[in-house]
Amino acid sequence: MKKEKELPSSEEQKASNENLLIRLNQNYGKLSKGQKRLADFITAHYDQAVSMTAARLGQQVSVSESTTVRFAMQLGYAGYPEFQRALEEMVMNRLNSVQRMQFTYGRVPQGEILETVLQSDIEKIKMTLEEVDRVSFERAADTILSARTIYIVGIRSCAPLASFLAFYLHMIFPDVRQVQTNSSSEIFEQMVRITEDDVVIGISFPRYSMRTMKALEFANSRKAKVITITDSVHSPMNLYASCTLIAKSDMASIVDSLVAPLSVINALVVALCMKRQEDVKKTLESMEKLWDEYQVYNNDEINGKDDALSMDGKRAVPPAKEKA
């Protein structure tokens, strides 16, 4: 009887991750220019590289297939298939925050940090634009439009994205609930009334949140629609999703890059506004009246030179004009 293959332990997974990282870092100085481009691409986009053949990976960075194979062998692997298996394990297990920081920015001089990070964010938006599924995007908008209640779940570094989305959806829809996530039990308590007429939007990127995963599982068990905003079609968040929006966020540093996900959320909000133009217009007009009536912005918004206020809240006196 064939023995069932055992899953690797957490220590074995960690060793596998570190082994590939060590090989890349130790051999980087010995690599040719083309091979260094391969290493840099894998460093920044390892979750994308994992599904590429040697020929496709070489084409991505303008080197030959043979150069890609030699690159794998230069790192100590028997060939490209063995290297790809190591890469698959690294992607499956994901890197911790310290490894990400060392892997991506360990070779970047201090004076190039700003340019490197901004350029990386630009690339993530470009990749998102190339890979985003327009049909899924429209389906997500229509699903939200038809929902009775909209639940939004985003935990830890994704919490600001959830708050941003909830803030603007409140201007469009009457019942939007951002699920607060101090504990797993509180998530279920806030979602206890979710039904098949509702939708939950789950936002999660590596390392994926188990609490978000459980919230989506619970929503799915109640037959609610599930929309995910995540980094890959292979994301575990998609297990319960009826619609997925992919936004590239290769969190390869200690700071999570949320530029591309925020852009996708911006686009989603604009699409919803366009589909509900009259409702949004009426809501904004009502809010403007309320803001004026209750002086919401009068004391904390600068409207121009004539309305300038001093630090104590009194109107600033403009300096006397000099005589010609």
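See the structure shown above.
In this report, the structure presented in the accompanying data block is examined. (Residues numbered from 1 in each chain as written. Predicted model: local features only at pLDDT ≥ 70, side-chain atom pairs only at ≥ 80, totals over all residues. Heavy atoms only, no water.)

Considerations on the side chain of Asn27
No. 1: Along the polypeptide, Asn27 turns up in helix 1 (residues 10-27).
No. 2: When sequence neighbours within four positions are dropped, the list of residues in contact with Asn27 reads Gln74 and Leu75. (Helix = DSSP H or I, 4+ residues; strand = E, 2+ residues; numbered from the N terminus. Contact = heavy atoms within 4.5 Å.)

Some details on the sheet that holds strand 1 (residues 150-154)
No. 1: Spatially, the five strands line up as an open sheet ordered 2-1-3-4-5, and their pairing is parallel. Two strands bound the open sheet, and with one partner strand each, they are strand 2 (176-178) and strand 5 (243-246). Across the sheet, the mean angle from the axis of one strand to that of its neighbour is 15°, orientation sign disregarded.
No. 2: Sheet topology places strand 4 (residues 225-230) next to strand 5; four bridges connect them, and they run parallel. Bridged to Ile229 within strand 5 is Leu245. (Pairing = 2+ DSSP bridges. Axes fitted to C-alpha atoms, helices over the stretch in contact; angles between N-to-C directions.)

Things to note about helix 9 (residues 134-145)
No. 1: Between its terminal C-alpha atoms helix 9 stretches 17 Å, which fits the 16 Å expected from 12 residues at 1.5 Å a residue.
No. 2: Of all the residues in helix 9, the buried ones are Ser136, Phe137, Ala140, Ala141, Thr143, Ile144 and Leu145.
No. 3: Packing partners of the buried residues in helix 9 comprise strand 1, strand 3 (199-203), strand 4, strand 5 and helix 13 (259-275).
No. 4: Of the residues that open helix 9, the one with a side-chain oxygen 2.9 Å from the backbone nitrogen of Val135 is Asp133. (Expected span 1.5 Å × (residues − 1). Buried < 20%, exposed > 50% of the residue type's maximum accessible area, 1.4 Å probe, protein only. Polar contact = N/O pair within 3.5 Å; in protein donor to acceptor, adjacent residues only side chain to side chain.)

Structural notes on the packing of helix 8 (residues 113-131) against helix 13
No. 1: Look at helix 8 against helix 13: their axes get within 8 Å of each other, and the N-to-C directions meet at 45°. The orientation of helix 8 with respect to helix 13, classified from their angle, is oblique. Of the two possible hands of crossing, helix 8 and helix 13 adopt the one that is right-handed. Residues Asp121, Lys124, Ile125 and Thr128 of helix 8 lie in contact with helix 13, whose contacting residues are Val259, Ala260, Ser263 and Val264. (Parallel < 35°, antiparallel > 145°, perpendicular 65-115°, else oblique. Left-handed = near helix turned anticlockwise from the far one by under 90°.)

Shape is all these values report; function is a separate question.
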